[in-house]
Amino acid sequence: PEVIVCFRALKKQNTTGITFAGNSTINLGCGSGTNSKSQNAAVNVNGQPSVTSSPLIAAGGIPSSTAYANGTVLMPNHDDLEDPFENTTNPTSNEVSNDKCKNGSNWKVISIGSSDPPVDDSATGTNGTLFPPGCYGTINVQGTLKLKSGIYYLANGANNAGLQIGAQAHFSCLGCTFVLTSLTPNNANSFATMDINAGAEVDLSQSTSGTYAGITIYRDSRAAASNQCCQINGNADSSISGAFYFPNDRLTFNGTQGMTLDCFQMVAGWLSFSGNASITNTCPLAPSKWALESVRLIS
């Protein structure tokens, strides 16, 4: 039978791949899976969450839990899940230094303070856009910013900050991909990071064509593995679609009751869901790459 797995933890280690924590009510709208080989806890529950995600798939073991909704199918000792974005290419040195970013001259900083006038670039032409798609050291939003559709490369801002969205921010970019990369990719610790604060109103949707089609935020696969870099939050008025792709990182989602997640996916090294949240993911027509055409258990 065909099953849909929208949330995938890729790392093939003997540590927990997916964690459900806190007192959340988590309805993911499709299946979750991990390539963790841990026989004790490839998928782990901390606290008292209520989890709706079926099937739950793991290369290792999945302890039973009262946290899982009635009817949840547990599929331990399964084949490894594929990375649906494994063919995504990282920005080349030529692209970020010479072509798209003009020898670094376009690596500006976007900083919108809480008392600054709102900026709406979303409906203007390129010539009238303050912050067109391109290359930036950091995008730091504490006030209101709407960006034009396109690709935004973020690299080597202060302390490698990349996309930083504050608690009072109203941030929107529809038809966009944010690429968290580095001007010095040989330094695995130099890559841009992301932090979306829990109080922020965030409206994001993915690029629909080109190299990053289907991806809303991508952290360069050359970045060193991090448990700290990547938090997805947002208030009840937030709306997010597309995939967050962080192949070497722990991606943490702390939702808020009332958020709209329309065909939302997360693919990362490890995944964590926590907080006190109600997450409802509506994904009626998942692309074929999210489906498992056959299901086989490994004895």
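Residues numbered from 1 in each chain as written. Predicted model: local features only at pLDDT ≥ 70, side-chain atom pairs only at ≥ 80, totals over all residues. Heavy atoms only, no water.

1. Side note on the pairing of strand β18 (residues 215-219)
Point 1. Among the five residues in β18, five count as buried, and that is most of the element.
Point 2. Here three bridges tie strand β15 (residues 170-181) to β18, and the two strands are oriented parallel to one another. Within β18, the position partnered with V179 by the bridge is Y218. (Buried < 20%, exposed > 50% of the residue type's maximum accessible area, 1.4 Å probe, protein only. Helix = DSSP H or I, 4+ residues; strand = E, 2+ residues; numbered from the N terminus. Pairing = 2+ DSSP bridges.)

2. Comments concerning the state of the cysteines
Here, the word disulfide means a covalent bond between the sulfur atoms of two cysteines.
Point 1. Summed over the entire model, instances satisfying the criterion amount to three disulfides.
Point 2. Two residues, C6 and C30, share a disulfide whose sulfurs are 2.3 Å apart. Of this pair, C6 sits in strand β1 (residues 3-9) while C30 is found in the loop between β3 (25-27) and β4 (31-34), placing the two residues 24 residues apart along the sequence.
Point 3. The side chain of C173 participates in a disulfide bridge whose partner is C176; the two sulfur atoms lie 1.9 Å from each other. Across the S-S bond linking C173 and C176, the dihedral sits near -75°, which makes this disulfide left-handed.
Point 4. C173 gets classed as buried once you look at its relative accessible area, which sits at 0%. (Disulfide = S-S within 2.5 Å.)

3. Looking at the packing of aromatic side chains
Point 1. In this structure the tally under the stated criterion is eleven aromatic pairs.
Point 2. Judged by centre distance (5.8 Å) and plane angle (80°), the rings of F7 and F273 are edge-to-face. Of this pair, F7 sits in strand β1 while F273 sits in strand β21 (residues 260-273), placing them 266 residues apart in sequence. Summarising the burial analysis for this pair, F7 and F273 share the class buried.
Point 3. A centroid spacing of 5.5 Å and a plane angle of 80° characterise the contact between F244 and F264, whose relative ring orientation is edge-to-face. One end of the pair, F244, is in strand β20 (residues 239-253); the other, F264, is in strand β21, with 20 residues separating them in the sequence.
Point 4. Given the relative accessible area of 0%, F244 is considered buried.
Point 5. What makes F264 buried here is its relative accessible area of 1%. (Phe/Tyr/Trp six-rings, centres within 6.5 Å; stacked < 30°, edge-to-face > 60°.)

4. Considerations on the nonpolar core
Point 1. In this structure, I139, F178, M194 and F244 are the most contacted members of the largest nonpolar core, which totals 58 residues.
Point 2. Take this core: its biggest share by element is seven residues, from β21.
Point 3. Residues in contact with M194, not counting those within four places in the same chain, are L163, Q164, L180, I217, C229, C230, Q231, I232, F244, F246 and L251.
Point 4. Counting residues in each nonpolar core, the second largest holds twelve residues, with F85, Y218, Y245 and V267 among its members. (Core = buried A, V, L, I, M, F, W, Y, C linked by side-chain atoms within 4.5 Å. Contact = heavy atoms within 4.5 Å.)

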